[in-house]
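# Coordinate inspection notes
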Amino acid sequence: MARWILKQEKEERASLLKFRDRQLSCQLLQEIKLKGKCLKEKLGRRPVFMEVCGTHTVAFSKTGLRKALEEIVDLRSGPGCPVCVTDQEDIDRMIQLSSLENVVLGTFGDMVRVPGSRTSLEQEKARGAWVKIFYSPSDAVQWALRNPGKQMIFLGIGFETTAPVVALSIREAEDLGVKNYSVYSVHKLVIPALRALLNDKGPGVDGFILPGHVSAVIGRKAFGFLAQEFNIPGVIAGFEPMDLLGALENLIYQMDRGECRIDNEYSRLVREEGNKTAQTVIREFFDTAEGSWRGLGKIPASSLVLQDNLQKYDALKRFPVEISRPFNKEGCRCGEVLTGKIVPTFCGMFGKECTPSRPVGPCMVSSEGACSAYFHYDFRE
Ligand code: SF4
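First things first, this report covers the structure right here in the doc.

Criteria and cut-off values
- Residues numbered from 1 in each chain as written.
- Predicted model: local features only at pLDDT ≥ 70, side-chain atom pairs only at ≥ 80, totals over all residues.
- Heavy atoms only, no water.
- Phe/Tyr/Trp six-rings, centres within 6.5 Å; stacked < 30°, edge-to-face > 60°.
- Helix = DSSP H or I, 4+ residues; strand = E, 2+ residues; numbered from the N terminus.
- Buried < 20%, exposed > 50% of the residue type's maximum accessible area, 1.4 Å probe, protein only.
- Lys NZ or Arg CZ within 6 Å of the ring centre and 35° of its normal.
- Salt bridge = Lys/Arg side-chain N within 4 Å of Asp/Glu carboxyl O.
- Axes fitted to C-alpha atoms, helices over the stretch in contact; angles between N-to-C directions.
- Parallel < 35°, antiparallel > 145°, perpendicular 65-115°, else oblique.
- Contact = heavy atoms within 4.5 Å.
- Nonpolar A, V, L, I, M, F, W, Y, C, P; charged D, E, K, R; others polar.

Let us look at the packing of aromatic side chains. Inspection of the entire model under this criterion finds six aromatic pairs. Arranged with centres 6.2 Å apart and planes meeting at 65°, the rings of Phe350 and Phe375 form a pair that is edge-to-face. In this pair, Phe350 sits in the loop between α16 (334-338) and α17 (370-378) while Phe375 sits in helix α17, placing the two residues 25 residues apart along the sequence. Of the two residues, Phe350 and Phe375, both sit in the buried class. Lys188 extends its terminal NZ or CZ atom over the ring of Trp293, reaching a point 5.7 Å from the ring centre. Arg268 extends its terminal NZ or CZ atom over the ring of Phe19, reaching a point 3.7 Å from the ring centre.

What follows is the structure, encoded as structure tokens:
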């Protein structure tokens, strides 16, 4: 048995290494440069491709591909960093919840440092608030089980990928009879955000590099409307260098030939219909509701809220809090970064008043934030 697992692991690693192969990557890069140059000449400008997912934004920067191809393609970030798109009002409400007596806020790491209108969870923690970082919501349930005298509120932040895991933590709490666990759900859905982006006229995107993780849940077909209704091609991609290059090559090829499809270049993980089990879990626990997005405003049916029969796990129902009027930091252009209208370096505060150690906006905090990625890998002096 152990030998079989070892063999499978070795095969998986070998197959992954193919997507990191330096020689193959360099060959494909040269090809893209040649084909991209022709397309640029044909268009009279660089084609604009949006990497919807924050992990893609980081991958393009970290691999050096953004820099290597900057003369050929204009790569813009999209609304795919969950911490970054969380609205200021929600952040302020989370901070307010942390001030409640006997409440412990559980969260993934990035959210702690995101500046709210007046303070951050990190600052409140320094003043004595209980904020705990967890790697999984299940750990938060277990913590609540061990500490029945405290109320654990877990911040459910993320897209279709995170929602099933948070839903299962509620099932775990139910099964264990944990009564001091609740969730503040600000989960968001990618498809309504893309529609809003395109209906808003957006940044004039020629093609989308579509999120590999979210696609694994919702499937390739869910993105068909981009080609059918908006006449914009898209490619679902993984996160290794060959994945990124494959997606760019595909988009350049489609544009050059006047084609428009949604292709799946991440077929090792993504299926046509997605992951039915995860979709069922989402439907069982959540309803859709209007969501507030940084940069995109209010979008109908774009967020996931707990169903009525799960109110005892809904932190906002159990602990309603009032907040003062939220406001974004003056000069911070995260909203424009998240909608691809500008690249981070266009923000006057980039690398000056705003750095990863003194972030002004969430895009400089999150490990998936565009400003942070540009600062760490692309434009650091
Ligand atoms: S550089 Fe800082 S202030 Fe400017 S958009 Fe990014 S996070 Fe906001």
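This part takes up the pattern of salt bridges. Following the criterion strictly, the structure yields 26 salt bridges and no others. Measuring nitrogen to oxygen at the nearest pair gives 3.7 Å for the salt bridge that ties Arg46 to Asp74. In this pair, Arg46 sits in the loop between α2 (22-43) and β1 (48-51) while Asp74 sits in strand β2 (residues 74-77), placing the two residues 28 residues apart along the sequence. Judged by its relative accessible area of 31%, Arg46 falls in the partly exposed class. Take Asp74: its relative accessible area is 11%, and that puts it in the buried class. A salt bridge links Glu70 to Lys67, with the nearest nitrogen and oxygen atoms 3.8 Å apart. Of the residues examined, Glu70 reaches a relative accessible area of 31% and is grouped as partly exposed. Residues joined in a network through salt bridges with shared partners are Arg257, Glu259, Arg261 and Asp263.

The subject of this paragraph is the packing of helix α3 (residues 54-62) against α17. Contact pair α3 / α17: the axes reach a minimum separation of 9 Å and the direction vectors enclose 10°. Comparing the axis directions of α3 and α17 gives the class roughly parallel. Across from Thr57, Val58, Ser61 and Lys62 in α3, the residues of α17 making contact are Ala370, Ala373, Tyr374, Tyr377 and Asp378. Looking at the contact of α3 with α17 residue by residue, the classes come out as five nonpolar, two polar and two charged.

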